[in-house]
Amino acid sequence: MKITLKDGSVKEYAQAMSVYDIARDISEGLARVACAGEMDKEVVDLRTMVDHDCELSILTFDDEQGKAALRHTASHVLAQAVKRLYPDAKCAIGPSIENGFYYDFDMPSLTREDLDKIEKEMKKVIKENPSIERFELPREEAIKLMEERNEPYKVELINDLPKDAVISFYKQGDFTDLCAGPHLMNMKNIKAFKLISSSGAYWRGNEKNKMLTRIYGTAYTKAADLDAHLQHLEDIKKRDHNKLGREMELFTTVDVIGQGLPLLMPKGVTIIQTLQRWIEDEEEKRGYVRTKTPLMAKSDLYKISGHWDHYKDGMFVLGDEEKDKEVFALRPMTCPFQYYVYKAKQHSYKDLPLRYGETSTLFRNEDSGEMHGLTRVRQFTISEGHLIVRPDQMVKEFKDCIALAQYCLKVLGVEEDVTYHISKWDPENREKYIGDPQVWDETEAHIRNIMIELGIPFVEDVGEAAFYGPKVDINAKNVYGKEDTMITIQWDALLAEQFDMYYIDQNGEKKRPYIIHRTSIGCYERTLAWLIEKYAGLFPTWLCPEQVRVLPISDKYAEYADKVLDQLKENGIRATVDDRSEKIGYKIREARLNKVPYMLVVGADEEAKGVVSLRSRYNGDEGQKNLDEFIDAICREIRTKEIRKINVEEK
């Protein structure tokens, strides 16, 4: 709904109109307003525009901004309820987020019972429906108000605001909060909400700050929509790699070993080794040569590259710079090592491009609060590569790196799940980067043109570049909606100078090469987490740690089951025999729970005919099959890396 208002105010218009109950629509939503003389639209409270002529668009819950306003209002209801129940709690921040909201408090950790108690208090607040009032204060008065209410985090936020900033507050009943808005006109439309969980969160995301208690919630205008969302949350919990990966015995973690240092178990190792062999073969087909370089180096290496100045806090340093003659660090990346492979001999322009690939184990000192399963770890393995190229080869080689990444995504069946980002430098924060602005602008323009030429949609992220060059990041969301970078391709026109890398051109002169830093599949641990959640553990057959399970009906057919197993293994199929003295129905159910794609049942009839009875996750009971026929079919499926559609009954 859009209305242009002239010769009167929004307030007068809302009071005068009754058709379709405009006032009610306004109270449910917000106003997107363009005041006379302003070019940009902004989302604001209707209450702030009561004395303006404007063009008015009513936003309801169907609009993203409307959802955000309702949920942000719900976060204030949460804060008001917490302050009533826990008067000593200190309020930090409470934004709306995708699919919900959260609020951070300085207070003890909470149980599910505590959250239920807070929910009840929130319902009381909404039933009271106190008026929501917005007001502004000068800086000193704003600070005084928050100090009187013993809200130190709010005082800190006010002090960080620009001197000319408008400092606004929202008051609802006995609760007042520092807030820029916007909010609903009243609370009555928060008809369905739920507090989802509680966790720890460092103030401002910095582990050096105090750990606060974060409460997550969501809110809707209809109970049915809330119920559907809660059911969705239950469904995605079943896909959460941190839960499912442990249940499937793919990985585990141990406190005495440390955060971010997962133990890959035999089944998980099988999947990663399968991926690794595939990637290495694909890279070699595309002209990559393999290197193997040390896991650590002296600080001298990282000082040349610039990592010591720009990335030292993210490295594991071995030794004390003030006491030790030599200080080492575990490598956070492979690039400077491979540069010295290149520098070991002189190269001609005819030698380029040189494509170095390495399955590298890397170490990064991530914040403890960031650790999560396999997606954020301190030691990981990556399909790392560096291409040393002539400037005239750069665009083609960069395109080829994107093509390799896209091929890998397609084979894994995840090409539709990613977004492409051009990660750029931040010219307002020059100290983070090396090189001249002109070089940065030119390289970013090259990448932008490549993406446009390839027809790949992308977004641009300022400040996300590496310190030595811009990059293409290929990102994907986990089941909870958090986005992680899966694959990176970086354009580097600077580090060859740092390392005095050169090639001899056709005129016999020394020239600086360009470098492409890239991964073809990214971090194997993070990729495994992605695939667990994508397929809910029902991996394509070629990736399954156990592809076939042979199920003898009784001990009498164990010998025949072993013969079947031998033939499967001779053909490179990962297979086992379940020779336990259990009923066949039990064995079948357990094989399904273990997410084995194929089961071969053998008994008297099968042994007599020299066949097997096939059950699959794809078609259920497929009847008796000739073993050679089955082996040919599954080997073809594994070889082609086919992704078969799963029968609904078997999901």
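Residues numbered from 1 in each chain as written. Predicted model: local features only at pLDDT ≥ 70, side-chain atom pairs only at ≥ 80, totals over all residues. Heavy atoms only, no water.

**Student:** What should I look at first to understand the overall build of the chain in this one?
**Tutor:** When you go through the chain residue by residue, the secondary structure sums to 20 helices and 32 strands. Seen along its three principal axes, the alpha-carbon backbone of the chain occupies a region of about 85 × 75 × 55 Å. When each of the 651 residues of the chain is scored for burial, the buried share is 50%. When contacts within the chain are restricted to residue pairs at least 6 apart in sequence, long-range pairs at least 24 apart make up 69% of them. When the accessible surface of the chain is summed, it comes to about 31,700 Å², and 48% of that surface belongs to carbon and sulfur atoms. Seen as two clouds, the 95 positive and the 114 negative side-chain charges of the chain have centres 3 Å apart. (Helix = DSSP H or I, 4+ residues; strand = E, 2+ residues; numbered from the N terminus. Buried < 20%, exposed > 50% of the residue type's maximum accessible area, 1.4 Å probe, protein only. Contact = heavy atoms within 4.5 Å. Areas by Shrake-Rupley, 256 points an atom, 1.4 Å probe, with all protein chains shown as cover. Lys, Arg positive; Asp, Glu negative; His and termini not counted. Charge placed at Lys NZ, Arg CZ, Asp CG, Glu CD.)

**Student:** Is there a simple way to explain the packing of helix α3 (residues 64-85) against helix α4 (residues 112-128) in this structure?
**Tutor:** Any two packed helices are characterised by the angle at which their axes cross and by the distance between the axes. Where α3 meets α4, the closest approach of the two axes is 8 Å, and the angle between their N-to-C directions is 115 degrees. Relative to α4, α3 is oriented roughly perpendicular. In the crossing of α3 with α4, the sense of the turn from one axis to the other is right-handed. In this structure, α3 contributes Ala 74, Val 77, Leu 78, Gln 80, Ala 81, Val 82, Arg 84 and Leu 85 to the contact, and α4 contributes Lys 117, Ile 118, Glu 121, Met 122, Val 125, Ile 126 and Glu 128. (Axes fitted to C-alpha atoms, helices over the stretch in contact; angles between N-to-C directions. Parallel < 35°, antiparallel > 145°, perpendicular 65-115°, else oblique. Left-handed = near helix turned anticlockwise from the far one by under 90°.)

**Student:** For this particular structure, what's the right way to read the sheet that holds strand β16 (residues 296-298)?
**Tutor:** Paired through their backbone hydrogen bonds, the strands of a sheet run either parallel or antiparallel. Sheet architecture is open: three strands sit in the order β16-β18-β17, paired in antiparallel fashion. Strands at the two margins of the open sheet, each flanked by one partner only, are β16 and β17 (317-318). Here three bridges tie β16 to strand β18 (residues 328-330), and the two strands are oriented antiparallel to one another. Looking at β18, one finds that Lys 298 is bridged to Phe 328. (Pairing = 2+ DSSP bridges.)

**Student:** Got a minute to help me understand a negative patch on the surface in this structure?
**Tutor:** Residues Asp 555, Glu 559, Asp 562, Asp 566, Glu 570, Asp 579 and Glu 607 make up a contiguous surface patch of negative charge. Here the negative patch takes four residues from helix α17 (residues 558-570), the largest share from any one element. One can find Glu 570 in helix α17. Among the residues examined, Glu 570 registers a relative accessible area of 66% and is labelled exposed. (Patch = residues over 30% accessible without salt bridge, like charges linked within 9 Å, V, L, I, M, F, W, Y side chains within 5 Å. Salt bridge = Lys/Arg side-chain N within 4 Å of Asp/Glu carboxyl O.)

**Student:** Teacher, can you tell me more about the packing of aromatic side chains here?
**Tutor:** Scanning the entire structure with this criterion turns up 17 aromatic pairs. Judged by centre distance (5.6 Å) and plane angle (55 degrees), the ring pair of Tyr 598 and Tyr 618 falls under tilted. With Tyr 598 in strand β30 (residues 598-602) and Tyr 618 in the loop between β31 (611-616) and β32 (620-626), this pair connects stretches of sequence that are 20 residues apart. As far as the burial class goes, Tyr 598 and Tyr 618 line up, both buried. Among the aromatic residues, those joined into a cluster by ring pairs are Trp 278, Tyr 407 and Trp 542. The ring of Tyr 102 is capped by Arg 214, whose NZ or CZ atom sits 3.8 Å from the centre of that ring. Between the NZ or CZ atom of Arg 331 and the centre of the ring of Phe 337, over which it lies, the distance is 5.7 Å. (Phe/Tyr/Trp six-rings, centres within 6.5 Å; stacked < 30°, edge-to-face > 60°. Lys NZ or Arg CZ within 6 Å of the ring centre and 35° of its normal.)

**Student:** So what exactly am I meant to see when it comes to the pattern of salt bridges here?
**Tutor:** All chains considered together, the criterion is met by 45 salt bridges. Across the salt bridge formed by Glu 280 and Arg 290, the nearest N and O atoms sit 3.9 Å from each other. Here the residue Glu 280 occupies a position in helix α9 (residues 266-285), and Arg 290 occupies one in strand β15 (residues 288-290), the gap between them amounting to 10 residues. The class of Arg 290 is partly exposed, set by a relative accessible area of 30%. Of the charged contacts in the structure, one is a salt bridge between Arg 376 and Asp 484, with a shortest N-O distance of 3.9 Å. In this pair, Arg 376 sits in the loop between β19 (354-363) and β20 (379-389) while Asp 484 sits in strand β24 (residues 483-492), placing the two residues 108 residues apart along the sequence.

**Student:** What is the right way to read a nonpolar patch on the surface from this model?
**Tutor:** A grouping of Val 256, Ile 257 and Leu 263 is seen on the molecular surface, where their side chains present a nonpolar patch of about 280 Å² in accessible area. Residue position: Ile 257 is located in the loop between β13 (251-252) and β14 (263-264).

**Student:** Looking at this structure, I do not really get the environment of Trp 542. What am I missing?
**Tutor:** Examined against the element boundaries, Trp 542 turns out to sit in the loop between α16 (524-535) and β28 (548-552). For the pair Trp 542 and Lys 641, spaced 99 residues apart in the sequence, the C-alpha separation amounts to 5.8 Å. Setting aside residues no more than four positions away along its own chain, Trp 542 makes contact with Thr 274, Leu 275, Trp 278, Val 411, Leu 412, Gln 547, Arg 574, Ile 638 and Lys 641.

**Student:** What should I look at first to understand the sheet that holds strand β29 (residues 575-577) in this one?
**Tutor:** Within the open sheet, the five strands sit side by side as β29-β28-β30-β31-β32. Their pairing is mixed. Each edge of the open sheet is held by one strand with a lone partner, namely β29 and β32. In this sheet, neighbouring strand axes are inclined to one another by 25 degrees on average, regardless of whether the strands run parallel or antiparallel. Note: β31 against β32, six bridges, orientation antiparallel.

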